[in-house]
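Geometric and topological summary
The chain contents come next:
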Amino acid sequence: MTSKALVATLALCGLGVAACGGTAGDAGAGPAQVGGPASGAATQATQTTHTTPAALATPETPATGGSAPAGALSGKVVVIDPGHNGQNYRHPSEINKQVNILTEKKACDTTGTATNSGYSEAAFTWDVSQRLAKILKSRGATVKLTRPDNAGVGPCITERAAIGNKAHADAAISIHGDGAGPADHGFHIIMPKKINGPVDPVVGASTKLGIAVRDAYRSETGVAYSTYIGSKALDFRNDLGGLNLSTVPKIFIECGNMRNAGDAAKFQDPAFRQKAAVALADGLQNYLK
Ligand code: ZN
């Protein structure tokens, strides 16, 4: 393969084995793929501000969402990690920087994948995360996001974990869309394994969180269990920095496969993204109550 062809392939982080999500080398964990995710993402923003650890964002306008009574999550802290960032692809040297995730060294962050029509994973995760934050806040939770917008770079996967730890989150969730083969579809949850490290004490709680979110997402969105990873949409990994370094209960969700036409159509529908956010909120609440 020529170097030009290689770049073209890597640009879609998700074609082939170097997928961004649950397929080998996630999201937040695999080698950073450089190049624009697709035309849609390339035109999303021209701003090049960089996310810093201090730039935590909390959506400002709580909105109603879901069916739970307000206050159901009073006193609970939830950290939402929208996978990737809208400008990662413009800053390969920053996101390719190697960081220590205890079981190995990995890229600071990755570009994420995109649908065939150019809707980027970073935009998807940001949109769903904003919707989820509003719903959780309307139910009384304190919510923090790991990045303030979709127009910056990073933060590194190590920092994404540290933000949840520093917030003493009762639950943390990293939101992604996978980039697997076009015939693969469905969603899955990724939970941590024991690594003789800081995540070990929360492996059990993370599993409970994962099952609660799996059940709510399946029943409320109708998205199928992954046809290509895990058992009944549950997978356990020790190669994700966002999990290995977490000292609070934490999971990843790959909401579907952005390279599959059926899943992509759902992702591109705002009504589906709202339904997904409500489902995630309900799953988190079922775990937290
Ligand atoms: Zn991802």
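Preceding block: the structure.
Summarised in this report is the structure supplied together with it.

**What about the packing of helix α6 (residues 203–221) against helix α9 (residues 270–288)?**
Across the interface, α6 lies against α9 with an axial gap of 8 Å and an inter-helix angle of 140 degrees. The two elements α6 and α9 cross, and the hand of that crossing is right-handed. Across the interface between the two elements, Ala-205, Lys-208, Leu-209, Ala-212, Val-213, Ala-216, Tyr-217, Glu-220 and Thr-221 from α6 touch Phe-272, Lys-275, Ala-276, Val-278, Ala-279, Leu-280, Asp-282, Gly-283, Leu-284 and Tyr-287 from α9. Taken together, the residues of the contact of α6 with α9 break down into 13 nonpolar, two polar and four charged.

**Focus on the sheet that holds strand β5 (residues 171–178)**
If you walk across this open sheet you meet the six strands as β4-β1-β5-β8-β6-β7, and the pairing is mixed. Edge positions in the sheet fall to β4 (142–145) and β7 (234–237), since each of these pairs with one other strand and no more. Direction aside, the axes of adjacent strands within the sheet are offset by 25 degrees on average. Note: strand β6 (residues 188–192) against strand β8 (residues 250–257), three bridges, orientation antiparallel. For Ile-190, the partnering residue across the bridge sits in β8 and is Phe-252.

**Re the state of the cysteines**
Evaluation of the coordinates by the stated rule reveals one disulfide. Note on cysteine connectivity: Cys-108 is disulfide-linked to Cys-156, with sulfurs 2.1 Å apart. Residues Cys-108 and Cys-156 are joined through a disulfide that is left-handed, its torsion about the S-S bond being -100 degrees. Highlighted residues: Cys-108 in the loop between β3 (105–107) and α4 (121–138) and Cys-156 in the loop between β4 and α5 (157–166), separated in sequence by 48 residues. Under the relative-accessibility criterion, Cys-108 is labelled buried at 5%.

**As for the coordination of the zinc ion**
Ideal coordination angles are 109.5 degrees for a metal with four donors arranged tetrahedrally and 90 or 180 degrees for a metal with six donors arranged octahedrally. Distances from the zinc ion to its protein donors, His-84 (NE2), Glu-121 (OE) and His-176 (ND1), fall within 2.0 to 2.2 Å. Motif for the zinc ion, donor spacing along one chain: H-x36-E-x54-H. You can see Glu-121 sitting in helix α4 and its partner His-176 sitting in strand β5, a full 55 residues away along the chain. Accessibility classification places Glu-121 together with His-176 in one group, the buried group.

**Some points on the pairing of β5**
Most of β5 is tucked away, with eight of its eight residues classed as buried. Burial along β5 is two-sided: Ala-171, Ile-173, Ile-175 and Gly-177 and Ala-172, Ser-174, His-176 and Asp-178, pointing in opposite directions, are all buried. Direction of pairing for strand β1 (residues 77–82) relative to β5: parallel, over a ladder of five bridges. The residue bridging Val-78 from the neighbouring strand is Ala-171, located in β5. In this sheet, β8 lies alongside β5 in parallel orientation, the contact comprising six bridges. Looking at the pairing, Ile-175 lines up with Ile-253 of β8.

Criteria and thresholds
Residues numbered from 1 in each chain as written. Predicted model: local features only at pLDDT ≥ 70, side-chain atom pairs only at ≥ 80, totals over all residues. Heavy atoms only, no water. Axes fitted to C-alpha atoms, helices over the stretch in contact; angles between N-to-C directions. Helix = DSSP H or I, 4+ residues; strand = E, 2+ residues; numbered from the N terminus. Left-handed = near helix turned anticlockwise from the far one by under 90°. Contact = heavy atoms within 4.5 Å. Nonpolar A, V, L, I, M, F, W, Y, C, P; charged D, E, K, R; others polar. Pairing = 2+ DSSP bridges. Disulfide = S-S within 2.5 Å. Buried < 20%, exposed > 50% of the residue type's maximum accessible area, 1.4 Å probe, protein only. Donors = N, O, S within 2.8 Å, 3.2 Å for Na, K, Ca; no water.

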